[in-house]
Amino acid sequence: MRQGLDEVDWAGLTHAYGPADDVPALIRALLSPDADVRGEVRHELYSCIAHQGTRYPATAPAVPFLLELAADSATPDRGQLVDFLEFVATGDGQPTWRRYPIGELRAAGPSSALAAYDAVAEGVPLFAALVGDADAEIAVPAAQALAVFPEHAGRSSAALADAADDDEAPVALATMALLGLGAVAPAGTGAYDEILRRRMRDDDGGVRWAAALAAARLRRPGLLPEALAELRRWAAALVHGKGGGAPWYGIREDLALEELAEIDPDGHDERVRPILDRLLGETPSSNWHNHLLIILEQAGLLSGAAPDRGPVPLEALDVTQRRLVEQLCERPDIFAGDDALMPLGWAGLPDTLAALRQYAGR
């Protein structure tokens, strides 16, 4: 690795802060015996070659050396290194475990982002092997990394299925392996039905959720009734304000609600309405600006949100969203502290009470 690092023309490549001639020293410092130094170096590498998810000309050339370190059992913090590599590949880590839209990235043509993704994809065999590592802090990030490479499902699905099927596997690994299967296995495949069916009846609720989500995303007819029932239980928890707890922080409930909206759109209003009623009836823990972000997200109004977003016509809103607008029109207390509430503007709605009432024809 050391020889290879010196052969790259790093000064001729750029990262977030200019010439990338500091990259070799940063990569070597990942082997420092000092854990604090390694932590600082990882943070600096994030900032340099994947700053806020942006990939640069220097990003892809750095990846083979990072993969080499991740493959060496003597490398410290290997799990964190694998986690970093997944972030380098995607720019956001794909926290929803949906099928990564690599087709869109390829259709856009050559780019630093695509080069970085393909460079990390060379590590799929390594990640598949690391899923079987005895150290869960390595195996779990490896399973999560496999979930972003659907083009390599032939190699990764077997490793994920083995982990998902292993009753001795830690809960975190079984959960992540199930999510990975749902993200990379071909839609409609029945190869994992028995694993998914058994895991949907697991003693651990999180494992049941992951298996149900995977079965739903693979659209397995024989598994859908049981999968949807499990997802409805998780979505219903949002009515009572129950969070998912670490390390998921409500993600399980939200993803269950999203998946149900796709599979059973006719029942979406019935599921979301009581959740919005609860949120509107709560006293914000901080302020209405932040609380509105949660409400608008649950109402599906923040998709495509942007500070310069144009207005959304009232007729473009669904029945749940129109009802929310009507409710906000009757809540002057929400607007009392701030004349204009920016989250409403990001959602394409008028951001003052007077303008919102005019918008709603009140």
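What counts and what doesn't
- Residues numbered from 1 in each chain as written.
- Predicted model: local features only at pLDDT ≥ 70, side-chain atom pairs only at ≥ 80, totals over all residues.
- Heavy atoms only, no water.
- Helix = DSSP H or I, 4+ residues; strand = E, 2+ residues; numbered from the N terminus.
- Rg over C-alpha atoms; globule rule 2.2 N^0.38 Å.
- Contact = heavy atoms within 4.5 Å.
- Areas by Shrake-Rupley, 256 points an atom, 1.4 Å probe, with all protein chains shown as cover.
- Lys, Arg positive; Asp, Glu negative; His and termini not counted.
- Charge placed at Lys NZ, Arg CZ, Asp CG, Glu CD.
- 1 Å grid on protein atoms, 1.4 Å probe; cavity = no way out; pocket = protein on both sides within 12 Å on 5 of 7 lines; lining within 4 Å.
- Points joined across faces, edges and corners; volume = space filled by probe spheres on them.
- Nonpolar A, V, L, I, M, F, W, Y, C, P; charged D, E, K, R; others polar.
- Core = buried A, V, L, I, M, F, W, Y, C linked by side-chain atoms within 4.5 Å.
- Buried < 20%, exposed > 50% of the residue type's maximum accessible area, 1.4 Å probe, protein only.

A. Main features of the overall build of the protein. A count of helical and extended segments in the protein gives 21 helices and two strands. Relative to the compact-globule value of 21 Å for 362 residues, the protein shows a C-alpha radius of gyration of 23 Å, a close match. Considering only contacts in the protein between residues 6 or more positions apart, those separated by 24 or more positions represent 63%. Accessible surface for the protein amounts to roughly 16300 Å². Of this, 52% is attributable to carbon and sulfur atoms. The distance from the centre of the 31 positive side-chain charges to the centre of the 55 negative ones in the protein is 7 Å.

B. Seen up close, the layout of surface pockets. Estimated volume of the largest pocket: approximately 590 Å³. Elements that contribute at least two residues to the lining of the largest pocket include exactly α15 (251–263), α16 (268–281), α17 (288–298) and α18 (319–329). Among the elements that take part in the lining of the largest pocket, α15 stands out by supplying seven residues, more than any other. Classifying every residue of the lining of the largest pocket by side-chain character gives nine nonpolar, eight polar and six charged.

C. Layout of the nonpolar core. Residues Leu66, Phe127, Phe149, Trp209 and Leu349 are the most contacted members of the largest nonpolar core, which totals 126 residues. Here this core gets nine residues from one element, more than from any other, and that element is helix α13 (residues 205–217). The contact partners of phenylalanine 149, leaving out residues within four places of it in the chain, are Ala89, Tyr117, Val120, Ala121, Val124, Phe127 and Val184.

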